[in-house]
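# Fold and contact review
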Amino acid sequence: MSPSPELPQQDEERRLRELGYRPVLARRMGGFGNFAISFSVISILSGCMTLYGFGLNTGGPAVMLWGWAGVGLFVLCVGLALAEVTSAYPTSGALYYMADRLGGRRWGWYTGWLNLLGLLGAIAGIDYGAALFTGAFANLQWGFVPTPGRTMLIFCAILLLHAVLNLFGVRVVSALNSVSVWWHLAGVALIVGALAIVPDHHRSPSFVFTTFVNGTGWSNPVYVAAIGLLLAQYTFSGYDASAHLSEETSRASVSAAKGIVRAIWVSWLAGFVLLAGLTFAIQDYDATRTTATGVPPAQILLDGLGTGGAKALLLVVIVAQLFCGNAEVAAASRMVFAFSRDGALPGSRLWRTVSGRTQTPVAAVWLSVGVAGVLALPSLYSATAYNAVTAINVIGITPAYAIPVLLRLRAGDRFRRGPWHLGRWSRPVGWVAVVWVACVTVLFCLPQSSPVTVGTMNYAAVALAVVLLLASVWWYVARRSYGTPTAPYGSDRDQAELAEGII
């Protein structure tokens, strides 16, 4: 890796103009804040805790721990490769702009739609998950019964909270994300420390690192272990947030690239500690797996720490999930803003507007939370719908990570490196990243439980097909208006396009 001395802010503004855009967002986020937003979106206290029950059934402790270690290494390769391209193209459009520059308009178009639907699905998944945990906490504390309707009301309140917080400007978002980093790290230390000290009984290292459990209904252990890797892969998503906030980050050509990589390796280490701490503290495996709380980590906390301790640490997890959702709204709204700036969305003129007071894309924030709310509405009628929302997130965003990397590899010497790059490791790391994403995209689409029914079906493949179909249909409507700038901002052509509302 070869980061050069960090660039002065005026150079970043000049670079943005060279890429074709007029700087309109406030560049008030530092390097730590940029790292913090991706770290907050990955959110090990959200992903690991929410998906822990999935891991208990799909491979058990051995697959959870060793899978986390292995998947984290491959995801780090994806992050390194993506960071290199981010350094060359530090714009809010991020993945789709990179794909457009390196592969052409259609590559950018489909990458953008995959990325956008993934980000919007992520808001719905994260905030609905926070609503489920909030309902579980309220049930323990006050006997609150979290019906689907009540959970939906909590979800809507959380969406509203995140919209309002994002309207205050990127400085507030950055400050909250900085707090989020320490909250997550302290939360992991508190949970693992309490589970290590308080319970009288702990599982042996042999149990934690070698026990294989198959509760999927499938008989092939290799297949089950492969599916079990998805606990880690589901959690390791959203680190493109650093790229989406690059137009608001000082020295973004270096800071955004570093932010992606740091968010992954810090989450990798802290997540392993969290999973190990939870697994060592399991008192009754079957009771934990089938807990009436519906949240296996909550059962581990109840068994190990009692009701009071469990409620306190559950509250720590809920706050972490709220930080995570807030960061995701920031990332998604910047993607909406950028995609609208290039004429890709219906009503682009509205969604690309920026507040003169806070320099925040206000309309894009409201659109992001509004679509997320609509995506979660089927959860009122079907528990399976929440899994479908999660599928929209991961099946959209994961392939989008690999497309710019693949196109960068294809471009060869035509690719103009930014100040942060991998040097001679660029091609081997890039190919590892592309192959890994291709493999996990297939895993995302495979059925996870047997027999396959309407209730147990994996809707990821359906979600992918719908996204690609919608993108294809809309291409024939909006292909004349969509386009990234082909000349530096300030040229006669781009000034004319600005007057027409294209840029």
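Residues numbered from 1 in each chain as written. Predicted model: local features only at pLDDT ≥ 70, side-chain atom pairs only at ≥ 80, totals over all residues. Heavy atoms only, no water.

### Focus on the pattern of salt bridges
Summed over the entire model, instances satisfying the criterion amount to eight salt bridges. Its salt-bridge partner being Arg101, residue Asp100 comes within 3.0 Å of it at the nearest N-O pair. Owing to a relative accessible area of 5%, Asp100 belongs among the buried residues under this scheme. Of the charged contacts, one joins Arg289 and Asp286 as a salt bridge, the two residues approaching to 3.2 Å between their closest N and O atoms. With Arg289 and Asp286 both in helix H14 (residues 285-289) and three residues apart, this pair spans about one turn of that helix. (Salt bridge = Lys/Arg side-chain N within 4 Å of Asp/Glu carboxyl O. Buried < 20%, exposed > 50% of the residue type's maximum accessible area, 1.4 Å probe, protein only. Helix = DSSP H or I, 4+ residues; strand = E, 2+ residues; numbered from the N terminus.)

### Quick word on a nonpolar patch on the surface
Together, Val452, Met457, Val462, Val466 and Leu470 make up a nonpolar patch on the protein surface, roughly 400 Å² of accessible area in all. For Val452, the location among the structural elements is in the loop between helix H19 (426-445) and helix H20 (460-478). Here Val452 falls in the partly exposed class, since its relative accessible area comes to 46%. (Patch = residues over 30% accessible without salt bridge, like charges linked within 9 Å, V, L, I, M, F, W, Y side chains within 5 Å. Areas by Shrake-Rupley, 256 points an atom, 1.4 Å probe, with all protein chains shown as cover.)

### A closer look at unusual backbone geometry
Here the amide bond leading from Ser450 into Pro451 is cis, since omega sits at 0 degrees, within 30 degrees of zero. Along the chain, the position of Pro451 falls in the loop between H19 and H20. Positive phi outside glycine occurs at Ala94, with the angle close to 55 degrees. Tracing the backbone shows Ala94 in the loop between helix H4 (60-88) and helix H5 (95-103). Given the relative accessible area of 0%, Ala94 is considered buried.

### Describing the confidence of the model for the protein
Low-pLDDT stretches of the model should not have their predicted coordinates read in fine detail. Confidence in the prediction of the protein, expressed as mean pLDDT, is 89, and 94% of residues score 70 or more. Predicted confidence is poor over residues 3-7, with pLDDT under 50, and the contacts of this stretch with residues over four places away or in other chains come to 13 contacts. Here residues 492-503 is a poorly scored stretch, pLDDT under 50, and it has 26 contacts once near neighbours within four places are set aside; other chains count. (pLDDT = per-residue confidence, 0-100. Contact = heavy atoms within 4.5 Å.)

### A short note on the side chain of Ser178
Take Ser178: it is sitting in helix H8 (residues 170-197). Each residue touching Ser178, except ones within four places of it in the same chain, is listed here: Phe32, Gly33 and Ala36.

### Focus on the environment of Met152
By secondary structure assignment, the location of Met152 is in helix H7 (residues 148-167). Considered as a pair, Met152 and Ala131 are 21 residues apart in the sequence and their alpha carbons are 7.6 Å apart.

### Focus: the nonpolar core
Counting 163 residues, the largest nonpolar core has Tyr89, Ile191, Tyr239, Leu274 and Phe339 as its most contacted members. With 22 residues, helix H15 (residues 296-341) is the largest single contributor of residues to this core. Non-local contacts of Ile191, meaning those with residues more than four positions away in its chain, are made with Leu45, Leu274, Leu278, Leu301, Leu313 and Val317. (Core = buried A, V, L, I, M, F, W, Y, C linked by side-chain atoms within 4.5 Å.)

### What about the packing of H7 against H15?
Closest axis-to-axis distance for the H7/H15 pair is 9 Å, and the angle between their directions is 60 degrees. Judged by the inter-axis angle, H7 sits oblique to H15. In the crossing of H7 with H15, the sense of the turn from one axis to the other is right-handed. Residues Ile158, His162, Leu165 and Asn166 of H7 touch H15, and the partners they reach there are Leu322, Gly325, Asn326, Val329, Ala330 and Arg334. (Axes fitted to C-alpha atoms, helices over the stretch in contact; angles between N-to-C directions. Parallel < 35°, antiparallel > 145°, perpendicular 65-115°, else oblique. Left-handed = near helix turned anticlockwise from the far one by under 90°.)

### Focus on the state of the cysteines
Applying the stated rule across the entire model yields zero disulfides. Take Cys156: it sits in no disulfide, and the sulfur closest to it among the cysteines is that of Cys324, at 18 Å. A residue is classified by how much of its surface remains accessible, and Cys156, at 39% relative accessible area, is partly exposed. For the unlinked cysteine Cys439, the closest cysteine sulfur is that of Cys445, found at 13 Å. Given the relative accessible area of 41%, Cys439 is considered partly exposed. (Disulfide = S-S within 2.5 Å.)

### Notes on the packing of aromatic side chains
Going through the model one piece at a time under the given rule, you end up with 25 aromatic pairs. Seen in terms of ring centroids, Phe207 and Tyr285 are 6.0 Å apart; in terms of plane orientation they differ by 75 degrees. Their pairing is edge-to-face. With Phe207 in helix H9 (residues 205-210) and Tyr285 in helix H14, the pair connects residues that are 78 residues apart, well separated along the chain. Just as Phe207 is buried, Tyr285 falls in that class too. (Phe/Tyr/Trp six-rings, centres within 6.5 Å; stacked < 30°, edge-to-face > 60°.)

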